[in-house]
Amino acid sequence: MESKMKEKSESVVDMSPTSAVVEGGVQDIYGEDCATEDQLITPWTFQVSSGYNLLRDPRYNKGLAFTEQERDVHYLRGILPPAVMPQELQEKRLMQTLRRYEVPLNKYVALMELQERNERLFYKLLIDNVEELLPIVYTPTVGEACQKYGSIFRRPQGLYISLKEKGRILEVLKNWPERKIQVIVITDGERILGLGDLGCQGMGIPVGKLALYTALGGVRPSACLPITIDVGTNNEQLLNDEFYIGLRQKRATGKEYHDFLDEFMKAVKQNYGEKVLVQYEDFGNHNAFELLAKYGSTHLVFNDDIQGTAAVVLAGLVASLKLLGGSLADHTFLFFGAGEAGTGIAELIALAISKKTNAPVEEARKNIWLVDSKGLIVSSRKESLQAHKKPWAHEHEPVNNLLDTVKAIKPTAIIGTSGVGRTFTKEVIEAMASINKRPLIMALSNPTEQSECTAEEAYAWSEGRAVFASGSPFPPVEYNNKLHIPSQANNCYIFPGFGFGLVMAGAIRVHNDMLLAASEALAGQVTEEHYVKGIIYPPFGIIRKISAHIAANVAARAYGLGVATRLPQPADLVKYAESCFYSPNYRCYR
């Protein structure tokens, strides 16, 4: 009986890649997009899902929203209470429940449980209440969730591929029930936010990122795959924790590590094809740059910590020019932190300046300075520097601390990517305010306790003149009877739309020009109304509109570079992106 049902499901829902509703667009084996919302669908899994099983399938479960007719057709009579509650009322009830929780981690657990039982309602909540719920499913709460992942673990939400599976990674990938994967987010857990090595418990990051890919960027949940590569952990506290869910061994390094990652990358391409996007998350600096360089020419890969952060910060810098005056080439940038985020941002700024001025990138780098744990990066230190720091070793006398560096370099903007909290001291910000009429202060490290300074400190110590942005959210600050609204330089602005643009165009490689295109699109969404409030990023309330414009810009650049494979190119890429976005609204079942 079951085999017959499987055959029937294959004939009703064509599982071939050519079954997309809009030809040349984002493939969807279920034939669903915004244009089909009003059409009746059948809730197929491997067979028609009905009754008790239907309520336990998160993709099709609608809770009390099943109509009287659907309850009859799908054998739900008696299994559900008699009330019929539409999705909007369910959303209202759940938001009331969430708001009663005082502890953010409790809200996180409640949302993850909702995702596991009613997928569309979860995304409906997240989309409609993005500004309220973003800090729960992403930074800062996701950091605490990762720290306690072993204790709050309920059921797997992605793939765990450990060293035990060496030589069998392709087999493990085939264990995942979905075949048409478009976006993979992967971590090895070595550098989770600013919290360090969390090993296997870093899974909260890929899960959270992919939830945002769907909610903010329109990628269907079924096309997303979170993966944790478990090569061990050097975190002694976790190794001694009886509830730790990962391998109890020190981290693999060197050839063993890179051979394992190489097997993974080859297996991904073999199983999912050339156009699957692999996004690296929270890898240690020593591996992050090497992986991006190694696979950037053979796979569709993207590192959000290096490239996504760079694109969102560049967008903020471009937008801030309306408040600061001049062009990018007229300003001097000082980074506190020279890891993957700092050097990634610096390189993209240099590229943007180079493109605008037609000057070599090497020349554009001269107005960008970096400080690491040993002080200002200068040419006399070049021999001892890691490879990613060497391009920033300029001619200058050594300077040992940030305050003296600010006084010596006289930057227009200081950008914190150190992961060390409260390092933008009162003296540092006062020095910036003495040099600049409107000092730009970007305290980007996450989570909140790792932020280089708070919004309140930045405004107070600069006498209310700072243009401030942070990685984690801060509330508005009143100073001298004026309300200052902090900007949040959150990667969520970029990566969902960026990834969707790659998928939409069927891109096979990521180019730096695409990152510039994403930054231009984001900066273009900042209006005069926002500038009046002193903010340099648009509100998250319109994030789907922002993502559509970013996706369109990225796709256009992919077509222009000749790396797009979904042809022909749509005439209006913004409208096309919006039409392909995943919709969380309940569907009607026949």
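Just so it is clear, the structure is predicted and the values come from calculations on it, not from any experiment.

Colleague: Tell me about the pairing of strand β9 (residues 413-416), and please be specific about residues and values.
Modeller: Burial along β9 is two-sided: the residues A413 and I415 and I414 and G416 are all buried. Where strand β6 (residues 333-336) lies against β9, four bridges are found, and the strand directions are parallel. Pairing of L334 across the sheet is with I414, part of β9. Direction of pairing for β9 relative to strand β10 (residues 440-443): parallel, over a ladder of four bridges. Its bridge partner lying in β10, I414 is registered against I441. Between the parallel elements β9 and β10, the chain passes through helix α19 (residues 426-435) in a crossover that is right-handed.

Colleague: If you had to explain the UniProt feature "active site" (unreviewed entry) in the protein chain to someone new, which residues and values would you point to?
Modeller: The positions UniProt marks with the feature "active site" (unreviewed entry) are Y138 and K209. Taken together, the annotated residues stretch across 72 residues yet fold into one region, lying no more than 7.4 Å apart by C-alpha. When residues no more than four places from it in sequence are discounted, the contact partners of Y138 are K209, L212, D304, N490, N491, C492 and F495. With respect to the helices, strands and loops of the structure, K209 is situated in helix α11 (residues 204-215). Those residues in contact with K209 that sit more than four places away from it in its chain are Y138, V185, Q279, E281, D304, N491 and F495.

Colleague: Kindly report on helix α18 (residues 402-409), identifying the contributing residues and their values.
Modeller: When we look at burial in α18, the residues that qualify are L402, T405, V406 and I409. Buried residues along α18 cover an arc of 100 degrees about the axis, so they all sit on one side. For α18, the elements touching its buried residues are β6, β7 (368-372), β8 (375-376), β9 and α19. Where α18 begins, one side-chain oxygen reaches toward the backbone nitrogen of L403, 3.2 Å away; that side chain belongs to N401. In the stretch just after α18, K410 is the one whose phi turns positive, near 55 degrees.

Colleague: Now, about the sheet that holds β7: what can you tell me, with residues and values included?
Modeller: In spatial order, the strands read β8-β7-β6-β9-β10-β11-β14; together these seven strands make up an open sheet with mixed pairing. The sheet is open, and its two edges are formed by β8 and β14 (487-488), each paired on a single side. Here two bridges tie strand β11 (residues 467-470) to β14, and the two strands are oriented parallel to one another. Within β14, the residue paired with S470 across the bridge is Q488. The strands touched by helix α15 (residues 304-324) within the sheet are β6, β9, β10 and β11, with β10 carrying the most contacts at an inclination of about 155 degrees. Sitting on the sheet, α18 is in contact with β6, β7, β8 and β9, with an inclination near 170 degrees to β6.

Colleague: Outline the domain arrangement of the protein chain, supporting the account with residue identities and numerical values.
Modeller: Per the domain assignment, the segments of the protein chain are domain 1 (54-117), domain 2 (140-299), domain 3 (307-492) and domain 4 (510-580). Inter-centroid distance (C-alpha atoms) of domain 1 to domain 3 is 45 Å.

Colleague: Give a detailed account of the packing of aromatic side chains, specifying residues and quantitative values.
Modeller: Enumeration over the complete set of coordinates arrives at 14 aromatic pairs. With a centroid separation of 5.5 Å and an interplanar angle of 80 degrees, the aromatic rings of Y280 and F283 are classed as edge-to-face. Taken individually, Y280 and F283 each receive the classification buried, so the pair is uniform in this respect. Ring centres of F500 and F581 lie 5.1 Å apart, and the angle between their planes is 85 degrees; on these two criteria the pair is classed as edge-to-face. Of this pair, F500 sits in helix α21 (residues 495-505) while F581 is found in the segment after α25 (573-580), placing the two residues 81 residues apart along the sequence. Cluster of aromatic residues (ring-pair linked, three or more members): Y60, F66 and Y589. Its guanidinium or amino end placed over the ring of Y589, K62 lies 4.7 Å from that ring's centre, counting from NZ or CZ. In this structure, R365 packs its charged tip against the face of W392, placed 5.5 Å from the ring centre.

Colleague: I'd like a description of the environment of N436, backed by residues and values.
Modeller: Topologically, N436 is positioned in the loop between α19 and β10. On the accessibility criterion, N436 (12% relative accessible area) is buried. Linking N436 and S462, residues 26 residues apart in sequence, is a C-alpha distance of 9.8 Å. Excluding anything up to four places from it in sequence, N436 contacts P411, T412 and R465. A polar contact is formed between the side chain of N436 and the backbone oxygen of P411, at a distance of 2.9 Å.

Colleague: I'd like a rundown of the sheet that holds strand β5 (residues 301-303), residues and numbers included.
Modeller: Strand order in this open sheet of five strands is β1-β3-β2-β4-β5, and the pairing throughout is parallel. Sheet topology places β1 (159-162) and β5 at the edges, where each strand pairs with a single neighbour. The sheet shows a mean angle of 25 degrees between the axes of neighbouring strands, taken without regard to direction. Across the sheet, α21 is in contact with β2 (183-187), β4 (277-281) and β5; its angle to β4 comes to roughly 155 degrees.

Colleague: Go over the UniProt feature "domain: Malic enzyme N-terminal" (unreviewed entry) in the protein chain with me, naming the residues and quoting the values.
Modeller: According to UniProt, the positions carrying the feature "domain: Malic enzyme N-terminal" (unreviewed entry) are residues 115-296. Across residues 115-296, helical content stands at 46% and strand content at 12%; the span's end C-alpha atoms are separated by 33 Å.

Colleague: Kindly report on α21, identifying the contributing residues and their values.
Modeller: Here α21 lies mainly inside the structure; eleven of its eleven residues are buried. For α21, the full list of buried residues reads F495, P496, G497, F498, G499, F500, G501, L502, V503, M504 and A505. Where α21 terminates, the next one or two residues include G506, which has phi positive at roughly 65 degrees.

Calculation notes
Each residue is numbered by its place in its chain's sequence as written, counting from 1. Given that the model is predicted, a residue must reach a pLDDT of at least 70 before its local features are reported, and side-chain atom pairs must reach 80 or more before they are shown or counted; all residues, however, enter totals for whole chains, interfaces and linings. Hydrogens and water molecules were not included; the side-chain quantities draw on all heavy atoms of the structure. For every residue, the accessible area (1.4 Å probe, protein chains only) is compared with the maximum for its type, and the residue is labelled buried under 20%, exposed over 50%, or partly exposed between those bounds. For helices the rule is a DSSP run of H or I covering at least 4 residues; for strands it is a run of E covering at least 2, with both sets numbered from the N terminus onward. For two strands to be treated as a pair, DSSP must find at least two bridges joining them. If you view a crossover with the strands going away from you and the path from the first strand over the helix to the second runs clockwise, you call it right-handed. UniProt positions are given in the numbering used here, feature names are shortened, and annotations may be inferred rather than shown by experiment. Two residues form a contact once any of their heavy atoms are found within 4.5 Å. Here the arc refers to the directions that run from the helix axis out to each C-beta atom. Between N or O atoms, a polar contact is any pair within 3.5 Å; within protein, one atom must be a potential hydrogen donor and the other a potential acceptor, and residues adjacent in sequence are included only when both atoms are from side chains. Only C-alpha atoms enter the line fits that serve as axes; for helices the fit covers just the stretch in contact. Angles between N-to-C directions range over 0 to 180 degrees. The split of the chain into domains comes from an automatic or database domain assignment. In this scheme Phe, Tyr and Trp rings, the latter by its six-membered ring, pair at centre separations within 6.5 Å, and the angle between planes marks the pair as stacked below 30 degrees, edge-to-face above 60, and tilted otherwise. To sit over a ring, a charge needs its Lys NZ or Arg CZ within 6 Å of the ring centre and within 35 degrees of the ring normal.

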